[in-house]
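# Chains, contacts and geometry: an overview
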Amino acid sequence: MSALHDFATWEPLLRILRGDHAAALAEPGGYVAGSFDRHGYSLPLRWRTPQPGGATPPENRAQLEAAERVRGAIAGAGIEALALVAEIPPCGRAVLRLFDHGAAVESPLGNAHPGALLLVEGAVPEPWRRLPEAVPGAGPAPSADPALLERTLRERIPDAIGATEEEIAAAEARLGVALPEEVRALYRVTRARWEDWDGDFDAGQRVDDAVGFELFHLDRLAIADASSRSFRWGTAATEAAGTAPGAAVQGLVGSPGWIVIGDTGGGGRVAVDLTPRPRGHHGQVIVLAPERSVGADLLAESLTDQVLHPDRDGYAGRDGYAGRMPGRARAVVRLHGERPGEVEAAAHPDLEVLTLGGWRGDRVSLAPVAGLPRLRTLCAGPGALADPLEIARLTGLEFLELPPEEWRALLDAGAVPRGLSAAEILAHTDRDPRAVVGLANELLALRHRPLITETVVDGELGPLR
């Protein structure tokens, strides 16, 4: 028997949960719920505040030790994450239900409810499928000067060890792309390897200061295509990709022509752009900000320009950010039922994402948005829809998020949209996870996807004294 399914693994944690929630657990049907993964846990545990200058309270240490015991068992079982529901009545007979969400469900975020249900194997949201537009004739900026770039860098870091032509060629072969001449010139001066500096931090800092960002060595160069930006369906499906007219950078999640060569030092990836917009330049320097999933910011029109002005204040522009694309206000619409006629006003051929959240108005009909050619995401909160069955008229949906009651109506009517790639059940944390898991498994079964599995672990804690 796996340690994960051994009652002894869970017993210390269950005792702590019972001590913190004895009254709630004593109620008929009472339970506590939470989730674990290899990196942490989310459980309703009391954390005792230490006295100023005092030691960690023993209750806190016991909690950490009990949680680590479980996390070790999860790792040993090869499971990425699981949710749990514990029933511990006053008699002390504990029943623990463990839910392994498996391959077709995103891990929960901070609660016991399942994340998005992946109804089509390997499917990704539309912005992650968007490829760059071809820009025939795009060339380097007038400021691009590989010879000047190389001379300038040799003056600034004369002791640097450069890469050989063979090392540069090997990087190109690994990436499957020819590096711009400026990039080749840069690495002929310095290959930016830590071992070349013999532990001298200042030597590495001089290289970074010379180019104006943290330069990666050749083995770390990477393609920033769409797959390099992770996502969760529930967020990514509400994004929209697009580019403003005259922008220098294409407003994409990623591009096979974005070659990452460094870091800002704050998590932003620095790349040279081989797929610019008409106003941009081949080999321009861009930054992929960590706080966004779509778009990139222009840093400099060329590597030469960047090196000649390494201390520039901020980015040259943010025109590659999809949030500034024209028509975004029509493509992504979030309504709260504050004014009559909001859905009618949102009904535009460019509409891609409609969110009806935090609903405060009368329930609405989806008839105004039926038949819109680009509508692919609908997220509707409790009390928003007058008739959930109208969703069947939204034939282009690839992602749908609804409360349990609306999903129940669609399931009972056999009206779950067939074109969905992913779905999510919008349930508040006070909803019983067992019911939500049951609903999720009904949706997964419709598409013959792997189900969430349940394992029951039980044992005696003894009566509460």
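Below you will find a few notes about this structure. It should be emphasised that the depicted structure is a prediction, and the values quoted were computed from it without experimental measurement. (Residues numbered from 1 in each chain as written. Predicted model: local features only at pLDDT ≥ 70, side-chain atom pairs only at ≥ 80, totals over all residues. Heavy atoms only, no water.)

### Concerning the pairing of strand E15 (residues 399-402)
Condition: A simple rule labels every residue: compare its accessible area, found with a 1.4 Å probe on the protein chains alone, to the largest value its type can have, and call it buried under 20%, exposed over 50%, or partly exposed in between. Each helix is a run of H or I in the DSSP string that is no shorter than four residues. Each strand is a run of E no shorter than two, and both are numbered from the N terminus. Here a strand pair is declared whenever DSSP counts at least two bridges between the two strands.
Burial along E15 is two-sided: the face carrying Phe-399 and Glu-401 and the face carrying Leu-400 and Leu-402 are both buried. Direction of pairing for strand E14 (residues 377-380) relative to E15: parallel, over a ladder of three bridges. Note on E15: the bridge partner recorded for Leu-378 is Leu-400. Judged from the four bridges that link them, E15 and strand E16 (residues 422-425) form a sheet pairing that is parallel. Each bridged residue has a counterpart across the sheet, and for Glu-401 the counterpart in E16 is Glu-424.

### A closer look at the sheet that holds strand E1 (residues 32-37)
As summarised here, the arrangement of the five strands in space is E2-E1-E3-E4-E17, forming an open sheet in which the pairing is antiparallel. Either end of the sheet is taken by a strand with one partner, and the two such strands are strand E2 (41-42) and strand E17 (453-460).

### Looking at the side chain of Thr-377
How we decide: The contact criterion used is simple: two residues touch if any of their non-hydrogen atoms lie within 4.5 Å.
Residue position: Thr-377 is located in strand E14. Classification of Thr-377 as buried rests on a relative accessible area of 0%. Discounting residues that sit within four places of it in the chain, Thr-377 has contacts with Ala-237, Thr-238, Glu-352, Val-353, Leu-354, Leu-397 and Phe-399.

### Describing the packing of aromatic side chains
Here is the rule: Aromatic contacts are taken between Phe, Tyr and Trp rings whose centres are within 6.5 Å, Trp giving its six-membered ring; a plane angle under 30 degrees counts as stacked, one over 60 as edge-to-face, and the others as tilted. The rule for a charge over a ring is simple: NZ of Lys or CZ of Arg within 6 Å of the ring centre, and within 35 degrees of the ring normal.
Within this structure, the stated rule accounts for six aromatic pairs. Note on Trp-10 and Phe-36: the rings are 6.0 Å apart at their centroids and 90 degrees apart in plane angle, and the pair reads as edge-to-face. Of this pair, Trp-10 sits in helix H1 (residues 7-20) while Phe-36 sits in strand E1, and the two are 26 residues apart along the sequence. Side by side, Trp-10 and Phe-36 carry an identical accessibility label, which is buried. Plain terms: the ring middles of Phe-231 and Trp-233 are 6.3 Å apart, the flat faces sit at 80 degrees to each other, and that makes the pair edge-to-face. Taken together through their ring pairs, the aromatic side chains of Trp-128, Phe-231, Trp-233 and Phe-399 make up a single cluster. If you follow Arg-220 out to its NZ or CZ, it ends over the ring of Phe-216, 3.7 Å from the centre.

### Describing H1
Which entries qualify depends on this criterion: A helix is expected to reach a length of 1.5 Å times the quantity of its residues less one. N or O atoms within 3.5 Å of each other form a polar contact, as long as, within protein, one can give a hydrogen and the other can take it, and as long as residues adjacent in sequence are counted only when both atoms are side-chain atoms.
The terminal C-alpha atoms of H1 lie 19 Å apart, and with 14 residues this matches the ideal 20 Å at 1.5 Å per residue to within 8%. Residues of H1 that are buried include every one of Phe-7, Thr-9, Trp-10, Leu-13, Leu-14, Ile-16, Leu-17, Arg-18 and Asp-20, and no others. Where H1 is buried, its residues touch helix H2 (22-26), E1, helix H3 (58-76), strand E3 (81-87), strand E4 (93-100) and E17. Structurally, the start of H1 carries an N-cap: the backbone nitrogen of Ala-8 is 3.0 Å from a side-chain oxygen of Asp-6.

### Here's the deal with the environment of Glu-80
You can see Glu-80 is positioned in the loop between H3 and E3. Through-space distance from the C-alpha of Glu-80 to that of Glu-239 is 27 Å; in sequence the pair is 159 residues apart. Discounting residues that sit within four places of it in the chain, Glu-80 has contacts with Phe-36, Asp-37 and Arg-38.

### A closer look at the pairing of E14
Burial along E14 is two-sided: the residues Thr-377 and Cys-379 and Leu-378 and Ala-380 are all buried. When strand E13 (residues 353-356) meets E14, the two strands line up parallel, connected through four bridges. Note on E14: the bridge partner recorded for Leu-354 is Leu-378.

### Side note on the packing of helix H6 (residues 165-175) against helix H7 (residues 181-189)
Note the threshold: In this analysis an axis means a line fitted to C-alpha atoms, helices contributing only their contacting stretch, and an angle means the value between N-to-C directions, from 0 to 180 degrees. Relative orientations are named as follows: roughly parallel for angles under 35 degrees, roughly antiparallel for angles over 145 degrees, roughly perpendicular for angles from 65 to 115 degrees, and oblique for any other angle. Throughout, a crossing is termed right-handed when the near helix is turned clockwise from the far one, and left-handed when it is turned anticlockwise from it by less than a right angle.
The interhelical angle for the contact between H6 and H7, taken along N-to-C directions, is 135 degrees, at an axis separation of 10 Å. It follows that H6 is oblique to H7 by the angle criterion. In terms of crossing hand, the pair formed by H6 and H7 is right-handed. Touching Glu-165, Ile-168 and Glu-172 of H6 are Arg-184, Tyr-187 and Arg-188, all from H7.

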